[in-house]
Amino acid sequence: MPIPVVWSPETRRHEPMREVWVGVPTDGTEVPERVDRILDALDGHDRVEAGPHDDGVLRRVHAPAFVDHLATIHAEWMQGPYDGLVGQDRVVPYVFPTSAMTQGMPPTRAAATHGRAGQFGYDTMTLVGPGTWEAARAAVDCALTAVDLVTGGDAAAYALCRPPGHHATRDGYGGSCYLNNSAIAAQALRDAGHSTVAVVDLDAHHGNGTQAIFWERGDVRYGSLHVDPGAGWFPHYFGHAPERGAGDGEGTTKNLPLPEGTGDGPWVEAVRELAEFAAGADALVVSLGVDAAADDPESPLQVTADGYAAAGQLLGSLGIPAVVVQEGGYHLDTIGGLVAAYLDGHG
Ligand code: SP5
Ligand code: ZN
C-alpha cells in the first residue's frame, strides 16, 4: 500500500511574497504552488485531510509566548501605520535583541510593533503575512494527523507540511520556517509511548531548529546531512560536525556536512550512516527536504530522484514506524517527483 498523504488546503494560505536577503527584496521561493505540485505527483496515494488538534504538544515544543506572538503579530501589524506608510503588509523585523544588543541585561518588551517584530524572528527572509499563522498551524495539524495514522497502526505516513519547520526553534522563526512540524511530530510520538525517537533530516540545509529543541534530550536523536555551513551556507552558525548534543543529549545529535556539488554516491552513503544512527529507535521522523536535488535553486547539492529513492529504501528498511514530514524543495517542476521517489523507496 502506498504511504498515505496527509494535507490541508489551509497550508496554501501563507504567501511569502518576498525574502529580504542582504538588504534586497527577492522573490520568495517557498510558494503555495509547492503543495499542488506535490499533491499532483502523489495521486496514487490515499489522501487524508488533516484533522484539528489542540495546542498541547505545540506549546511544549515551542514557548507559549512565541506561539502567541506568531498568532497575533500580523493583525497587530495591520493596525499600525506600516501598510499605508511604506506599503508593507508583511511583518518585517529590523531590530534584533541578540546578545550584541542586550549584553546580559534583561530587555524590556518593545512597545512598537516594528520593534517587537525582531523578538521572535531571527532573519529578514521569513516574513509574516495574512494567512501565515493559519498555514503554519495547519501544517502542525498535518504532522499530528500523520502521527495519529502511525500510532493507529500504519507503518508510515507522509505529512505534506507547508510552510516547512526545521529551522524554527523553541523561541523563534527563521529560514522560511515558523513552527517546527518535525519536532512536534517527534514529541507526539514520544507522548504516544515510543520511548526513543530518531529524527533524520534529509533537507539540503541543516535543521538548526530541530537540533536546538532536542540538544539536551537523550530520548530524541537528531541526525542530519546537509550542505556544509562551513562552506558559507545557511544556517551558517550550526550544522558543523563537532556539534553532538549536550548533557543528557550528549552524542544524540549527529551532523554530516557535505561539500558543495555532492551527488548521489556520497549523499546516499551519508544517508546510510544516518540510518545506522537511527537504528534501534522506536519511531522515526524523516524531515524530507527535497532541495538537495540538482535543479533546486536554494542549494548546490546534486542529488537525483534515484538518490531520494535509495534514501527511502535505507530508512524504510529499518522497519521503524515512520512519520515523513515535508521540509524544503523549491524547483516546482521536479519536487513532486522527488517526494514520490522517496516515498516509493520507503515503501
Ligand atoms: C526549509 C528550508 O529549506 N529553508 C531554507 C532557507 C534557506 N534560505 C537561504 C537563503 C539564501 C539566499 N537565497 C536567495 C534566494 C532569494 N529568494
Ligand atoms: Zn532547505
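In the block above lies the structure referred to throughout.
So, here's what we can say about the structure.

Parameters at a glance
- Residues numbered from 1 in each chain as written.
- Chains lettered and ligands numbered in written order.
- Predicted model: local features only at pLDDT ≥ 70, side-chain atom pairs only at ≥ 80, totals over all residues.
- Heavy atoms only, no water.
- Helix = DSSP H or I, 4+ residues; strand = E, 2+ residues; numbered from the N terminus.
- Rg over C-alpha atoms; globule rule 2.2 N^0.38 Å.
- Buried < 20%, exposed > 50% of the residue type's maximum accessible area, 1.4 Å probe, protein only.
- Contact = heavy atoms within 4.5 Å.
- Areas by Shrake-Rupley, 256 points an atom, 1.4 Å probe, with all protein chains shown as cover.
- Axes fitted to C-alpha atoms, helices over the stretch in contact; angles between N-to-C directions.
- Parallel < 35°, antiparallel > 145°, perpendicular 65-115°, else oblique.
- Left-handed = near helix turned anticlockwise from the far one by under 90°.
- Nonpolar A, V, L, I, M, F, W, Y, C, P; charged D, E, K, R; others polar.
- Near = heavy atom within 4 Å.
- Polar contact = N/O pair within 3.5 Å; in protein donor to acceptor, adjacent residues only side chain to side chain.
- Donors = N, O, S within 2.8 Å, 3.2 Å for Na, K, Ca; no water.
- Phe/Tyr/Trp six-rings, centres within 6.5 Å; stacked < 30°, edge-to-face > 60°.
- Pairing = 2+ DSSP bridges.
- Expected span 1.5 Å × (residues − 1).

### A short note on the overall build of the chain
Thinking step 1. A tally of regular secondary structure across the chain gives 12 helices and 10 strands.
Thinking step 2. Whereas a compact globule of 347 residues would reach a radius of gyration of roughly 20 Å, the chain reaches 19 Å, a difference of no more than 12%.
Thinking step 3. Overall, the C-alpha framework of the chain stretches about 55 × 45 × 40 Å when taken along its three principal axes.
Thinking step 4. Counting every position in the chain, which comprises 347 residues, the buried fraction comes to 56%.
Thinking step 5. In the chain, the proportion of contacts linking residues at least 24 apart, taken out of those at least 6 apart, comes to 78%.
Thinking step 6. When the accessible surface of the chain is totalled, it reaches about 13300 Å², and 53% of it is carbon and sulfur.

### Regarding the packing of helix α1 (residues 33–41) against helix α12 (residues 332–346)
Thinking step 1. Running from N to C, α1 and α12 point in directions that differ by 45 degrees, and their axes come no closer than 8 Å. With respect to their mutual orientation, α1 and α12 come out oblique. α12 is crossed by α1, and the crossing has right-handed handedness. Of the residues in α12, those in contact with Glu33, Arg34, Arg37, Ile38 and Ala41 of α1 are Leu332, Asp333, Ile335, Gly336, Gly337, Val339 and Ala340.
Thinking step 2. Along the lines of polarity and charge, the residues of the contact of α1 with α12 split into 6 nonpolar, 2 polar and 4 charged.

### Here's the deal with the site of ligand 1
Thinking step 1. Contacts to ligand 1 come from 17 residues, most closely from Glu19, Thr26, Asp27, Asp291 and Tyr330.
Thinking step 2. Contacts to ligand 1 include Glu19, whose side-chain N or O atom sits 3.1 Å from a nitrogen atom.
Thinking step 3. Interatomic distance of 2.6 Å between a side-chain N/O atom of Tyr330 and an oxygen atom of ligand 1.
Thinking step 4. If ligand 1 stood free it would expose 510 Å²; the protein chains cover 84% of that surface.

### A word on the coordination of the zinc ion (ligand 2)
Thinking step 1. Protein-derived ligands of the zinc ion (ligand 2) are Asp203 (OD), His205 (ND1) and Asp291 (OD), with the metal-ligand distances lying across 1.9 to 2.0 Å.
Thinking step 2. In the primary structure, the donors to the zinc ion (ligand 2) are separated according to the pattern D-x1-H-x85-D. Like His205, Asp203 is buried.

### Some words on the environment of Pro106
Thinking step 1. Mapped onto the secondary structure, Pro106 falls in the loop between α5 (99–102) and α6 (113–116).
Thinking step 2. As a C-alpha pair, Pro106 and Val150 span 44 residues in sequence and 43 Å in three-dimensional space.

### Observations regarding the packing of aromatic side chains
Thinking step 1. Taken as a whole and assessed by the stated rule, the structure comprises 5 aromatic pairs.
Thinking step 2. Between the aromatic rings of Phe66 and Tyr173, the centroid separation amounts to 6.4 Å while the plane-to-plane angle is 20 degrees, which identifies the pairing as stacked. Of this pair, Phe66 sits in helix α3 (residues 64–79) while Tyr173 sits in the loop between β5 (156–159) and α8 (181–191), placing them 107 residues apart in sequence.
Thinking step 3. Grouped by ring-pair contacts, the aromatic residues Phe66, Phe120, Tyr173 and Tyr178 constitute a single cluster.

### Here's the deal with the side chain of Ser8
Thinking step 1. Topologically, Ser8 is positioned in the loop between β1 (5–7) and β2 (18–21).
Thinking step 2. A polar side-chain atom of Ser8 sits 3.1 Å from the main-chain amide nitrogen of Glu10.
Thinking step 3. Once residues within four sequence positions are removed from consideration, Ser8 is found in contact with Ala50, Ala138 and Cys142.

### Topic: the packing of helix α7 (residues 132–151) against α8
Thinking step 1. Their axes nearest at 9 Å, the elements α7 and α8 cross at an angle of 35 degrees. The handedness of the crossing between α7 and α8 comes out as right-handed. Of the residues in α8, those touching α7 at Ala136, Ala139, Val140, Ala143, Leu144, Val147, Val150 and Thr151 are Asn181, Ile184, Ala185, Ala188 and Leu189.
Thinking step 2. Here the residues of the contact of α7 with α8 sort into 11 nonpolar, 2 polar and no charged.

### Overview of the sheet that holds β5
Thinking step 1. Ordered in space as β4-β1-β5-β10-β9-β6-β7-β8, the 8 strands form an open sheet in which the pairing is parallel. Either end of the sheet is taken by a strand with one partner, and the two such strands are β4 (47–49) and β8 (253–258). Mean inter-strand twist for the sheet, computed between neighbouring axes without regard to direction, equals 20 degrees.
Thinking step 2. Of the pairings in the sheet, the one linking strand β7 (residues 220–227) to β8 comprises 6 bridges and is parallel in character. Considered in β8, the bridge of Gly223 is made with Lys254.

### Overview of α12
Thinking step 1. Helix length check: α12, at 15 residues, gives a terminal C-alpha distance of 22 Å against a target of 21 Å (1.5 Å per residue), a fit within 8%.
Thinking step 2. Residues Ile335, Gly336, Leu338, Val339, Ala340, Ala341, Tyr342, Leu343, Gly345 and His346 constitute the buried set of α12.
Thinking step 3. The inward-facing, buried residues of α12 abut α1, β5, β9 (283–288), α11 (305–316) and β10 (322–326).
Thinking step 4. Gly347 occupies a position one or two residues after α12 and carries a positive phi of about 80 degrees.

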